[in-house]
Structures are given as C-alpha cells and as structure tokens.
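# Tertiary structure, described
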Amino acid sequence: MSSKIQAVKGMNDLLPTAQKDWPIDSAFWQAFEREAARWMKDYAYRFIRTPMIEPTALFVRSIGEETDVVGKEMYTFDDYGESLSLRPEGTASCLRAVVEHNLLYNAPQKLWYMGAMFRHEKPQKGRYRQFHQLGVEALGFAGADTDAEIIAMCADLWQRLGILDCVQLELNCLGNRDERAAHRAALVAYLQQHEAILDEDGKRRLHTNPLRVLDTKNPALQDMANNAPRLLDFLGEDSRHHYAALKNLLNALGIAFVENPRLVRGLDYYNATVFEWTTDKLGAQGTICGGGRYDGLIEELGGKPTPSIGFAMGIERLLLLVHEHGCLQTDAAPEVYAMYQGDAAAAALLQAAQSLRAAGFAVLTHGSNQKLATQFKKADACGARFGLIVGESEAAADEVTLKDLRGEHGQVTVPAAQAVLQLQQWKA
Ligand code: HAM
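On a predicted model such as this, the values are computed, not experimentally measured, just so you know.

### Quick notes on the layout of surface pockets
The computed volume of the second largest pocket comes to approximately 940 Å³. Lining of the second largest pocket is provided by 35 residues; of these, R177, R180, D268, Y270 and N271 occupy positions nearest its centre. Of all the secondary structure elements, the ones that give two or more residues to the lining of the second largest pocket are helix 2 (56-63), helix 6 (177-193), helix 8 (210-213), helix 10 (237-252), strand 9 (271-278) and helix 11 (297-300). Tallying contributions element by element places helix 6 first for the lining of the second largest pocket, with four residues. Of the residues belonging to the lining of the second largest pocket, the class tally is eleven nonpolar, twelve polar and twelve charged.

### Examining the pairing of strand 14 (residues 386-391)
With six of six residues buried, strand 14 lies mostly within the body of the structure. In terms of strand pairing, strand 12 (residues 336-341) meets strand 14 through six bridges, oriented parallel. Counted as the bridge partner of M339 is I389 from strand 14. Here strand 14 runs beside strand 15 (residues 399-404); their pairing, made up of four bridges, is antiparallel. What sits directly across from I389, in strand 15, is T401.

### Examining the nonpolar core
By size, the foremost hydrophobic cluster in this structure holds 96 residues, and its most contacted members are F32, W158, I163, W277, I288, F311 and M313. With ten residues, the top contributor of residues to this core is helix 5 (residues 144-160). With residues near it in sequence (within four places) discarded, W158 still touches I163, L164, V167, W277, I288, C289, M313 and L318. The next biggest cluster of nonpolar side chains, apart from the first, holds 20 residues, and it includes L349, L356, V414 and L423.

### Points about the site of the ligand
Surrounding the ligand, one finds 25 residues, the nearest of these being E89, T91, E121, E137 and Y270. The contact in question runs from a nitrogen atom of the ligand to an N or O atom on the side chain of T91, over 2.8 Å. T287 has a polar backbone atom sitting 2.8 Å from an oxygen atom of the ligand. Protein chains shield 95% of the accessible area of the ligand, which is 660 Å² for the free molecule. Counting residues per element, the ones that place at least two in the shell around the ligand are strand 6 (130-139), strand 10 (287-293) and strand 11 (308-314). Here the shell around the ligand gets five residues from one element, more than from any other, and that element is strand 10.

### Examining the packing of aromatic side chains
One pass over the structure, following the stated rule, counts nine aromatic pairs. By the ring-pair criterion, three or more aromatic residues cluster together here, those being W39, Y43, F275 and F311.

### Concerning helix 4 (residues 91-100)
Among the ten residues that make up helix 4, eight are buried, leaving the element largely enclosed by the rest of the structure. Residues of helix 4 that are buried include every one of T91, A92, S93, C94, L95, R96, A97 and V98, and no others. Against strand 2 (53-55), helix 2, strand 5 (109-118), strand 6 and helix 11 lie the buried residues of helix 4. N102, located one to two residues past helix 4, shows a positive phi value of around 55°.

### So, the state of the cysteines
Tallied over the entire structure, the rule returns zero disulfides. In this model C94 remains outside any disulfide bridge; the closest cysteine sulfur is found in C289, 15 Å from its own.

### Structural notes on helix 13 (residues 346-358)
For helix 13, which comprises 13 residues, the first-to-last C-alpha distance of 19 Å matches the rise-based estimate of 18 Å (1.5 Å per residue) to within 8%. For helix 13, every residue scored as buried is listed here: L349, A352, A353 and L356. Axial view of helix 13: buried residues confined to an arc of 100°, hence all on one face. Turned more than 90 degrees off the buried face of helix 13, the exposed positions are L350, Q351 and A358. Buried residues belonging to helix 13 abut strand 12, strand 13 (363-365), strand 14, strand 15 and helix 16 (419-427). Count one or two residues on from helix 13 and you reach G360, which has phi positive near 100°.

Definitions and limits used
- Residues numbered from 1 in each chain as written.
- Predicted model: local features only at pLDDT ≥ 70, side-chain atom pairs only at ≥ 80, totals over all residues.
- Heavy atoms only, no water.
- 1 Å grid on protein atoms, 1.4 Å probe; cavity = no way out; pocket = protein on both sides within 12 Å on 5 of 7 lines; lining within 4 Å.
- Points joined across faces, edges and corners; volume = space filled by probe spheres on them.
- Helix = DSSP H or I, 4+ residues; strand = E, 2+ residues; numbered from the N terminus.
- Nonpolar A, V, L, I, M, F, W, Y, C, P; charged D, E, K, R; others polar.
- Buried < 20%, exposed > 50% of the residue type's maximum accessible area, 1.4 Å probe, protein only.
- Pairing = 2+ DSSP bridges.
- Core = buried A, V, L, I, M, F, W, Y, C linked by side-chain atoms within 4.5 Å.
- Contact = heavy atoms within 4.5 Å.
- Near = heavy atom within 4 Å.
- Polar contact = N/O pair within 3.5 Å; in protein donor to acceptor, adjacent residues only side chain to side chain.
- Areas by Shrake-Rupley, 256 points an atom, 1.4 Å probe, with all protein chains shown as cover.
- Phe/Tyr/Trp six-rings, centres within 6.5 Å; stacked < 30°, edge-to-face > 60°.
- Disulfide = S-S within 2.5 Å.
- Expected span 1.5 Å × (residues − 1).
- Arc of directions from axis to C-beta.

Quick look at the structure:
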C-alpha cells in the first residue's frame, strides 16, 4: 500500500463530523454562514468575491512591506515571470476590485466578503496557515457615525451568536499621517534610549515599525512600553474630535469599550479609528475580529480619495468561541429517511423522495436494499424525524408508508400522492 498523503500543516479540512482536535463540523460552519448572510442583509451590505491570488505588489503597497504579514508570512510564487501571492487578508483585494471596476464612481459602497486567507504563521490553536475571514468594508464614509455603526454591527452579531458576554472591545485612535510621523520621531528617540533592553524583535522593529515595538508581549518590556510617548498626545483637533464623537456614540448605544493606546494592528494602512474584539476564552489567539479606518488606501491603490472603514473576523476563532460558549442552530439532520425493500420498490422510493424534496423536505435515502431493521437503525442514528418506507407491495399499489420516528403519530400507509400532505400535517 502506498503511504498516505496528509494536508499541509496549518491547513484544515472541514468535515461533516467533528474531530477530537477540531470540534466544528460542516453543519455548524454552514449554520454560521447562513446567520452571517442574514446579518449582512439586515445592514444592507452587498456581497463581493475576489480571486484568492493577486499580484504581490497589491499587498506590498497596501499592507506594507515592513509588516510581518507581507515581510514574513505571505505565500508568494513566481508565475511565469510575474510575482503572485495568496491573499493574506481581504481588504486589499476588495479595494483592488472596487478601483478596477470603478464601483465608487457615483455612490459609496457597503461590501462584505467571506473566504480563505493564507499566512505562513506557526500553527497553534486559533492560528492557521489557511484560515477564513468574514470581512466588511464601508467605502466613502467619513463620519464617526459609520465607525460606530460598524462596531455596533459586530456587537449585534455577537449578541445573535450568544457570545457578547465573552468578548471585549478595545479601541484606539491612530491619528493622521503627520500626527503619526511626529509621534514616530518621539518614539524612536525614546526607544533608542532603551535600545539596550530591547529584545531581538524590538531591535528589528525600532527603525522599521517602531509602533509595533509597543505591541510586545515580552514581560520585561512592559514598563518601557507603558511609559513610551503616547500617540494620543500627538493627535490634532480633527482626530481628537473624531475619536471623541465615536466614543460618545458608543456610549449612547450602550457598547462597552476599553481604550488601549497600544493597539496598533499589524497592517500599515490604518489611520484614526482602530479596534479589536478580544476574548480570554481561547488562549493566546484571543482576537476574533479587528478593523479600523483606512482613509488613504483607496487613493494609494489608484482610486479617488475615499474615506473608508472596515473589519474582518477570523471564522475559526469565532466558531470555537461560539461552540463552547454561544449558540447556533444547526439543521444537520435530514427530516426524512427514505428506505425501500425489494428491487421492484427502488423506482417508487426515488420518486416519492423527489416529491417530498419538491415540497421542501430534506430527504436522505438509505441507498441500498438492506434488511429494514438495519435501515431503521440508520434512520434513528442520523436524527431524521420521519421515515419513508416503500416495500414491493406498496410499490405495486402506488402507496408509501410513513413513520413518525420521534413523535406520537405512529405509522400509516397512504397513496404516494398524499405523502407530502401527510408529512406536512405531522410537521405542523
Ligand atoms: P487582521 O487583524 O489581520 O485584519 O485579521 C482579522 C482577523 O482574522 C483576526 O482578528 C483573526 O481573528 C483572524 N486571523 C488572522 N490571522 C489568522 C490566522 N493565522 N489564523 C486564524 N485566524 C486569523 C485584517 O485582515 C484586515 N483586513 C481587517 C480589516 C478589514 N480592516 C479593515 N477592513
């Protein structure tokens, strides 16, 4: 026998049954997708799908060359002379498509997407090399009211999924380019004074991405990071006003938040508002959703200046949390389990199953002419509510037998044409 080939490390299968190391099954995932689509419809966001592979330059220009995502984690390859990359996130691709197809020519856009993203990170619980995001982008909206609605939308979804009590909102304001430049100069000077105690990451980031030095988890550097010059102290009038307006709106909406002046995010395109939803219930990978404003990015990608804001959630992390602490109605079990006995009954069974499906019932056929007792065991195990049984005598008489496998209706044999009506009555 040949050796088995395994999936790439950090890239997971989604299976119909839960696994020991992965409790999410495909019915749970699909239930989330349905809930998410309803939620997006309620906010009148429109769906967009872009390719999983883009020119590498798109991510370098938008996310930033010095970020970990672009610098260390992208799956990049040469495609007959052109450098391409698997998308590590969805914002850049979404905006590329919007600019390319001129979607903003006469109106702002509210868009959402869902799909696989790829980052070559060290896999661990909640961190994968192929993971899935649901992302939302509101393009052409400058006001803090949109920031507030974007954040309130998340809170609404957490509420629908029963995890609002498990998450915390962290908020920061990154100001504009000039404010960040002034802060950066002060920060670099401060970090240089403390260069001797910086770890390897810190030393590397000191000149490439000094804000990220403050993001350190190293306990020995916390005092240094806490006392560093704060970006908030460098904000001008407009940035302060925007941030204050957002906080007022969140308070008015009853959305609790924690201000985290060290929240900088790992992608370079942000300005003004940034936020993350975190949980302490998933271990080290506790950020389930992150986002913020990127007022300059569309112009950077060749479009007109368009103030915008968005976020993306990691679906794996979110569903791990929902699975353990929230609620999500799945409908994994078929409603009807269809069985037949005797070769002459096969066609009648398949026809009866089709008419039930046409009436909206989900029907699973057993698929072979086994002993009825064996078929009933399977019907029971799969959770179906009703049994549809066709034997040779029923087939000859154009009848079917229906059995209520879970309730009090018992079993009846009816003309095949009445099966739908009968099950509808039982179901009601
Ligand atoms: P991000 O913070 O890089 O932002 O990713 C968003 C979310 O994706 C994270 O909060 C996390 O839940 C999930 N995630 C990231 N990396 C992994 C991984 N390796 N394994 C599992 N989950 C992961 C963005 O991607 C921005 N595009 C969000 C955005 C949209 N900002 C504005 N619009």
